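Take a look at the letters that make up each chain.
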Amino acid sequence: MTDFPLFPEQASTVAPLVDGLYLFLVVLTGAVSLLIWLVIFYFAIKYRRRPDNELAQEQEPPAILEMTWIVVPTIIFIGIFIAGAWVFFRMQRVPANALEVYATGRQWMWKFQHPTGQREINTLHVPVGRPVKITMASEDVIHSLWFPYFRVKADVLPNRYRTMWFEATKTGRFHIFCAEYCGSIHSGMIGWVEVMEPTEYQRWLAGGSEGSLASQGEKLFEKYACNTCHTNTSGARGPNLAGLYGTTRQLTDGRSVVADDNYIRESILNPQAKIAAGFQPIMPTFQGQVNEDDLIRLLAYVRTINADNGVATAVESPASAAESRGAPQTTTGATTAAPVATTTAPTTTTGGAAGFSLPGTTTTGVGGLKPTAPPATAPQAPPTTTTRQDQR
Amino acid sequence: MTSTTIDDAPYIEPSTRERRHYINDEYGVLSWLLTKDHKRIAILYLFSVTAFFIVGGIFAFLMRLELLTPEGDMFTSDTYNKLFTLHGIVMIFFFLIPAIPAVMGNFILPIMLGAKDLAFPKLNLLSWYVYMVGGIFGIVVIITGGVDTGWTFYTPFSTQYSNTKVFATTLGAFITGFSSILTGLNFLVTIHRMRAPGLTWFRLPLFVWSMYATSVVIMLATPVLAITLVLLMIERALQVGIFDPALGGDPVLYQHMFWFYSHPAVYIMILPGMAVISECVAAFTRKKIFGYKFVAFSSLGIAFLGFLVWAHHMFVAGMSVYSAMIFSFLTMLVAVPSAIKVFNWTSTMYKASVSWQTPMLYVLGFIGLFTIGGVTGLFLGALGVDVHVHDSYFVVAHFHYIMVGGTIMAYMAGIHYWWPKITGRMYPEWWGRLSALLVFVGFNLTFFPQFLVGYVGMPRRYHAYAPEFQVLNVLSTAGATVLALGYLLPMIYLGWSLKFGRKAGANPWGAVGLEWATTSPPPKENFHETPVVTWEAYDYPAFLKAMKETQNV
């Protein structure tokens with residue numbers, strides 16, 4: 001890469017589609033714009049005001065032109081719409097075999113969790129050539145997860161799961177930016193996605209975790225005493241969760257909902273909102289008790305328990321290594337400059353929050369972001385109008 | 001078209017002796033502050049919006065200075081965030097929205113209609129005071145620490161997380177909205193009820209059509225902004241859950257409500273620009289605008305379709321694929337009326353008598369820049385591309401091509417075009433041409449690199465950025481310097497012309513239109529006797545013939 005790129009690398013399956021449409025639009029609209037300018041300047045010079053031309057010559061262009069430049073642009077614009085929508089559909093439809101990754105945005109860092117239990121901050125390790133689906137939510141304000149080299153972006157909302165996906169086509173180290181303004185250190189809410197060969201990725205996965213996300217979720221399921229009611233037996237006070245994920249549920253008020261990520265999230269945080277048919281609204285809210293990370297673990301668990309035995313089956317966890325802190329740092333050369341991922345979440349929002357001050361000066365090849373200068377004054381604490389601090 | 005003579009139009013000889021007009025009719029500060037004369041209110045607005053333009057411009061320039069280097073080394077992040085927020089708020093709410101309607105609309109619209117004043121002169125004065133109260137809130141916010149939410153006030157950041165002056169700012173924007181509503185109401189009633197005898201709808205100058213469309217949008221959209229901002233203030237002050245999910249609200253709902261106003265607000269800003277351009281194209285080609293009715297109805301078409309496309313600001317914000325498709329489709333349709341205007345202005349120049357005076361140079365700049373702004377809107381409306389470039393510098397470049405390359409170019413064209421009418425003096429022509437050139441070059445150098453850096457991946461509202469974006473940012477800052485010079489020059493030479501400029505006659509351009517049928521500056525009552533309109537809009541051949549016969553230049 002030069003120091004002066006005019007085009008970002010194409011590193012995902014949709015990137016060539018987006019770039020193709022973009023270049024097509026550049027050529028098309030560039031040609032039309034150029035034509036308009038040339039005509040304007042031709043007229044402005046040829047018909048410039050001269051003593052013998054004080055008064056316009058009264059001739060009008062033929063009226064058929066009017067219909068032409070209503071109909072032709074309309075057709076072209078609709079064509080652009082169709083092309084754009086076609087690319088958009090390709091971006092939105094998640095392939096079935098996608099690898100699941102969870103992302104949490106918070107002021108001002110990106111946290112990623114893998115089904116196998118690895119947790120990373122401001123770095124995301126993914127394999128090349130395999131679709132990766134990210135399920136994400138924000139802990140505070142709206143953020144937006146942007147992978148410019150993959151040409152995909154999605155806003156990350158508080159209290160709601162959204163998904164996005166990409167399939168990397170190149171190994172390497174690519175920017176992650178927050179694209180939705182989120183407060184003081186918005187421009188420091190950045191990171192890197194490390195795209196690795198599948199074998200290296202497997203080695204990285206083996207590097208260590210606290211057990212798979214689902215098994216961590218299973219522990220939480222006991223810790224929060226979910227299992228006292230959701231006992232997976234008949235006559236339990238709560239619905240049987242085994243095999244529930246993705247099915248259609250009847251509610252007491254006659255509606256039915258699909259038990260998707262957001263339904264499960266809502267049922268934990270606001271259980272009175274939708275009561276499953278045949279059950280009493282007796283479940284207490286866990287709002288403020290279960291943080292985003294634990295919610296993801298619980299979700300991962302609920303997703304994977306099957307109807308037979310209530311045991312997580314979908315993903316197998318690599319051996320839980322003694323070193324359970326964060327991503328392995330030595331599997332690839334590129335990761336040596338990666339920010340140290342830490343599971344120790346910062347407890348304050350002050351300027352030095354871990355993760356945003358990337359060690360850009362030590363990177364080679366790909367230019368790293370320079371560390372954001374810490375604010376001269378201590379950044380303001382969140383407003384007193386919020387209780388958000390308590391939840392951290 | 002059957003053109004008629006304008007022999008019966010009341011052209012008045014320019015006079016060398018001291019003549020009573022709206023400026024010297026009364027003296028004293030109170031005669032200005034308590035005036036009900038639409039022309040004097042326009043002057044009050046001219047000073048106010050210029051002051052806010054300077055303030056907003058300073059914020060922009062400080063941002064460009066910070067962005068010279070990738071590191072955030074000139075300001076703290078919080079200061080930078082306040083700079084772009086205040087730049088947006090000041091420029092949009094206190095400059096772009098009122099600029100053309102409240103200055104040129106107020107001054108010219110009643111004269112174009114052959115009316116003595118707007119329908120509700122006291123409301124007109126009230127609108128200026130309401131605007132100033134809102135403006136004072138803005139100034140107090142700037143002095144007491146600023147606000148850092150971005151001009152969009154997105155929730156829940158604005159209601160729960162920002163500890164800057166969000167409440168006062170939104171209250172200021174809320175109040176200023178009423179000033180727009182009063183102006184819009186005044187224009188609508190005036191256009192309906194106070195046209196001169198013979199001035200039928202299809203004899204109206206296109207300026208009036210465009211202002212009419214603008215006023216409709218103002219009347220329908222601004223109340224939604226008011227409601228949205230009130231809900232925001234309620235949530236922030238009273239912790240009532242409306243938009244904050246932690247309180248049971250929906251942050252995306254805020255975005256829907258905000259853009260339901262703020263997308264039409266884009267047309268509140270650009271339609272008046274189109275109004276000015278139509279007048280100037282006709283005046284500086286001495287020709288009837290080609291496809292008059294198409295241009296007139298395209299204004300109404302933009303006003304209507306402009307209400308149906310708000311969610312194209314939210315394609316990645318969390319809406320269904322099918323909603324996104326509908327809004328993308330409608331976005332493509334709203335581009336059609338704008339294209340119609342560009343093609344009609346261009347073809348008006350065919351076999352015309354094209355003058356190269358300053359306002360026309362700004363018009364040529366407008367058409368070129370507005371075209372780029374318009375076609376890049378197609379990029380953003382195309383879903384597949386928008387996902388990548390949304391919230392990047394590509395968007396920043398796009399809307400500056402519309403707002404600055406469009407609206408402010410048109411504003412500059414209009415100021416130069418009507419300056420002799422407003423002040424009775426000519427500005428120095430060569431200085432005017434130089435400023436037009438500087439603005440055009442400086443503008444492109446500032447904003448074209450931002451398209452490129454946006455596509456490469458630079459997000460907007462970034463205080464510090466990746467080093468590979470630096471070259472384009474340096475170009476952009478260099479351009480901003482030239483652009484600033486281009487805007488400073490007119491402030492100097494227009495001020496100079498007040499005392500030293502050549503005296504302008506009633507019609508220095510040889511343009512047609514009722515405003516050129518009265519003296520410069522106009523008398524307090526605009527016309528000594530109510531004009532009777534017997535000609536079509538822009539009937540230059542008949543007009544010039546009449547002019548030669550009466551030696552009226």
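Conventions used here
- Throughout, a residue's number is its position along its own chain's written sequence, starting from 1.
- Key to labels: chains lettered from A, ligands numbered from 1, both in the order written.
- It should be noted that, the model being predicted, local features are given only for residues of pLDDT at least 70 and side-chain atom pairs only at 80 or more, the latter also being counted only at that level, while totals for whole chains, interfaces and linings use all residues.
- Processing note: side-chain calculations cover all non-hydrogen atoms of the structure and skip hydrogens and water entirely.
- Counting from the N terminus, the helices are DSSP H or I runs at least four residues long and the strands are E runs at least two residues long.
- Any helix carries an expected span of 1.5 Å times its number of residues minus one.
- A simple rule labels every residue: compare its accessible area, found with a 1.4 Å probe on the protein chains alone, to the largest value its type can have, and call it buried under 20%, exposed over 50%, or partly exposed in between.
- Each polar contact in these results corresponds to two N or O atoms within 3.5 Å; when the atoms are within protein, one needs to be able to donate a hydrogen and the other to accept it, and residues that are neighboring in sequence are counted only if both atoms are side-chain atoms.
- Any two strands with at least two DSSP bridges between them are considered paired.
- An axis is simply a line fitted to the C-alpha atoms; with a helix, the fit covers only the stretch in contact. Between two such axes, the angle follows the N-to-C directions and lies from 0 to 180 degrees.
- Contact between two residues is taken to exist if any of their heavy atoms lie within 4.5 Å; hydrogens are not considered.
- Aromatic contacts are taken between Phe, Tyr and Trp rings whose centres are within 6.5 Å, Trp giving its six-membered ring; a plane angle under 30 degrees counts as stacked, one over 60 as edge-to-face, and the others as tilted.
- Each angle is binned into one of four classes, with values under 35 degrees roughly parallel, values over 145 roughly antiparallel, values of 65 to 115 roughly perpendicular, and all other values oblique.
- Two helices cross in a left-handed way if the nearer one is turned anticlockwise from the farther one by less than a right angle. They cross in a right-handed way if the turn is clockwise.
- Once two parts are joined, some of their accessible surface, as seen by a 1.4 Å probe, is lost; buried area is that loss totalled over both.
- Here, a salt bridge means any side-chain nitrogen of Lys or Arg that lies within 4 Å of a carboxyl oxygen of Asp or Glu.
- Residues are grouped as follows: nonpolar covers Ala, Val, Leu, Ile, Met, Phe, Trp, Tyr, Cys and Pro; charged covers Asp, Glu, Lys and Arg; every other residue, Gly included, is treated as polar.
- Only buried Ala, Val, Leu, Ile, Met, Phe, Trp, Tyr and Cys residues count toward a nonpolar core, and they belong to the same one when joined by side-chain atoms within 4.5 Å.

Details of helix α6 (residues 292-304) of chain A
Residues and elements named next belong to chain A.
Part 1 of the reasoning: With 13 residues, α6 ought to run about 18 Å at 1.5 Å a step, and its terminal C-alpha atoms sit 18 Å apart, in line with that.
Part 2 of the reasoning: Among the 13 residues in α6, 13 count as buried, and that is most of the element.
Part 3 of the reasoning: Taking the backbone nitrogen of D293 as reference, a side-chain oxygen 3.2 Å away marks N291 as the first, capping residue of α6.

Comments concerning the sheet that holds strand β7 (residues 152-156) of chain A
Residues and elements named next belong to chain A.
Part 1 of the reasoning: Reading across from one edge, β4-β10-β9-β6-β7 is the order of the five strands in this open sheet, with mixed pairing throughout. Two strands close off the open sheet at either side, each with one partner strand: β4 (123-127) and β7. Across the sheet, the axes of successive neighbouring strands diverge by a mean angle of 20°, strand direction being ignored.
Part 2 of the reasoning: The sheet contact formed by strand β6 (residues 143-147) and strand β9 (residues 172-178) spans two bridges and is antiparallel. Within the sheet, the bridge partner assigned to L145 lies in β9 and is C178.
Part 3 of the reasoning: Relative to the sheet, helix α3 (residues 198-205) contacts β4 and β10 (190-196), its axis offset from that of β4 by approximately 130°.

Remarks on the sheet that holds strand β2 (residues 109-113) of chain A
Sheet strands associate in pairs through backbone hydrogen bonding, adopting either a parallel or an antiparallel arrangement.
All names here are of chain A.
Part 1 of the reasoning: Read from one edge of the open sheet, five strands run β3-β2-β1-β5-β8, paired in mixed fashion. The sheet is open, and its two borders are formed by β3 (119-121) and β8 (162-167), each paired with just one other strand. For this sheet the average axis-to-axis angle between neighbouring strands, irrespective of direction, equals 25°.
Part 2 of the reasoning: Relative to β8, strand β5 (residues 131-138) runs antiparallel, the two sharing six bridges. Looking at β8, one finds that K133 is bridged to W165.
Part 3 of the reasoning: Relative to the sheet, α6 contacts β1 (99-106), β2, β3 and β5, its axis offset from that of β1 by approximately 160°.

With respect to the environment of I218 of chain B
Part 1 of the reasoning: Mapping I218 of chain B onto the fold places it in helix α7 (residues 206-238).
Part 2 of the reasoning: Apart from the residues lying within four places of it in its own chain, the contact partners of I218 of chain B are S180, I181, P223 and I268 of chain B.

Brief notes about the packing of aromatic side chains
Part 1 of the reasoning: Inspection of the entire model under this criterion finds 68 aromatic pairs over all chains.
Part 2 of the reasoning: Ring geometry for W151 of chain B and W259 of chain B: centres 6.0 Å apart, planes at 85°, overall edge-to-face. With W151 of chain B in the loop between α4 (121-143) and α5 (157-161) and W259 of chain B in helix α8 (residues 251-285), this pair connects stretches of sequence that are 108 residues apart.
Part 3 of the reasoning: Using a relative accessible area of 12% as the deciding quantity, one classes W151 of chain B as buried.
Part 4 of the reasoning: Judged by relative accessible area, which is 8%, W259 of chain B ranks as buried.
Part 5 of the reasoning: Consider the rings of F443 of chain B and F447 of chain B, whose centres lie 4.9 Å apart with planes at 40°: the pair is tilted. With a gap of four residues between them, F443 of chain B and F447 of chain B both fall in helix α14 (residues 429-456), about one helical turn apart. The same class applies to F443 of chain B as to F447 of chain B, namely buried.
Part 6 of the reasoning: An aromatic cluster is present here, built from F7 and Y22 of chain A together with F379, F394, Y401, F443, F447, F448, F451 and Y455 of chain B joined pairwise through their rings.

Notes on the pairing of β7 of chain A
Residue and element names in this part refer to chain A.
Part 1 of the reasoning: When you tally the buried positions in β7, you get five out of five residues, the bulk of the element.
Part 2 of the reasoning: With five bridges connecting them, β6 and β7 associate as antiparallel partners. Across the sheet, H143 pairs through a bridge with V156, a residue of β7.
Part 3 of the reasoning: Between the antiparallel neighbours β6 and β7 lie four residues, among them R151 with a positive phi of about 65°.

Details of the packing of α8 of chain B against helix α13 (residues 393-423) of chain B
Residue and element names in this part refer to chain B.
Part 1 of the reasoning: The interhelical angle for the contact between α8 and α13, taken along N-to-C directions, is 45°, at an axis separation of 8 Å. When the interaxial angle is binned, α8 and α13 end up oblique. As α8 runs across α13, the sense of the crossing is left-handed. Contact residues: V266, M269, I270, G273, V276, I277, E279, C280, A283 and F284 in α8; I402, M403, G406, T407, A410, A413, G414, Y417 and W418 in α13.

Observations concerning the interface of chain A and chain B
Part 1 of the reasoning: Counting residues at the interface gives 99 residues for chain A and 108 residues for chain B.
Part 2 of the reasoning: In total, chain A and chain B occlude about 9,100 Å² of area from one another, counting both sides; carbon and sulfur atoms represent 67% of this.
Part 3 of the reasoning: Taken together, chain A and chain B are joined by zero salt bridges.
Part 4 of the reasoning: In this structure, the connection of chain A to chain B is made through 24 residue pairs in polar contact (both at pLDDT 80 or more).
Part 5 of the reasoning: If you list the elements that add at least two residues to the side of chain A that touches chain B, you get α1 (15-46), α2 (64-92), β7 and β9 of chain A.
Part 6 of the reasoning: Among the elements that line the side of chain A that touches chain B, the one with the most residues is α2 of chain A, at 17 residues.
Part 7 of the reasoning: In terms of residue class, the side of chain A that touches chain B is built from 60 nonpolar, 21 polar and 18 charged.

Considerations on the pattern of salt bridges
Part 1 of the reasoning: The full count for this structure, using the stated rule, is 19 salt bridges over all chains.
Part 2 of the reasoning: Of the charged contacts in the structure, one is a salt bridge between D261 of chain A and R303 of chain A, with a shortest N-O distance of 2.7 Å. Note that D261 of chain A is positioned in helix α5 (residues 261-269) and R303 of chain A in helix α6, a separation of 42 residues in sequence.
Part 3 of the reasoning: The class for R303 of chain A is buried, based on a relative accessible area of 16%.
Part 4 of the reasoning: Among the salt bridges present, the one from D25 of chain B reaches K524 of chain B, with a minimum N-O distance of 4.0 Å. Placement of D25 of chain B in the segment before α1 (29-33) and of K524 of chain B in the loop between α15 (470-500) and α16 (540-550) is noted, with a sequence separation of 499 residues between them.
Part 5 of the reasoning: The class of K524 of chain B is partly exposed, set by a relative accessible area of 38%.
Part 6 of the reasoning: What you see here is one network of salt bridges that share partners, running through R106, K111, R119, E139 and D293 of chain A.

A closer look at the packing of α1 of chain A against α2 of chain A
Residues and elements named next belong to chain A.
Part 1 of the reasoning: Here α1 crosses α2 at 165°, and the two axes come no closer than 10 Å. Considering the angle they form, α1 stands roughly antiparallel to α2. For α1 against α2, the interelement crossing comes out left-handed. Contacts between α1 and α2 involve L17, V18, L21, L25 and L28 from the first element and I76, I80, A83, G84, W86, V87, R90 and M91 from the second.
Part 2 of the reasoning: Here the residues of the contact of α1 with α2 sort into eleven nonpolar, one polar and one charged.

Some remarks on the nonpolar core
Part 1 of the reasoning: Within the largest apolar cluster, 260 residues are counted, with the highest numbers of intra-cluster contacts made by I134, L145 and F147 of chain A together with F93 and Y411 of chain B.
Part 2 of the reasoning: For this core, the element with the highest residue contribution is helix α3 (residues 77-112) of chain B, accounting for 23 residues.
Part 3 of the reasoning: The next biggest cluster of nonpolar side chains, apart from the first, holds 27 residues, and it includes C226, V257, L298 and V302 of chain A.

What about unusual backbone geometry?
Part 1 of the reasoning: Omega for the bond connecting Q107 of chain A with W108 of chain A falls within 30 degrees of zero, at -5°, which places this linkage in the cis form.
Part 2 of the reasoning: Topologically, W108 of chain A is positioned in the loop between β1 and β2.
Part 3 of the reasoning: In the segment running from T155 of chain B into P156 of chain B, the intervening peptide bond is cis, with an omega of -5°.
Part 4 of the reasoning: Topologically, P156 of chain B is positioned in the loop between α4 and α5.
Part 5 of the reasoning: Phi is positive for A225 of chain A, which is not a glycine, with a value near 60°.
Part 6 of the reasoning: When you line up the elements, A225 of chain A lands in the loop between α4 (213-223) and β11 (248-250).
Part 7 of the reasoning: Even without a glycine there, the phi angle at R461 of chain B is positive, about 60°.
Part 8 of the reasoning: Inspection of the secondary structure puts R461 of chain B in the loop between α14 and α15.

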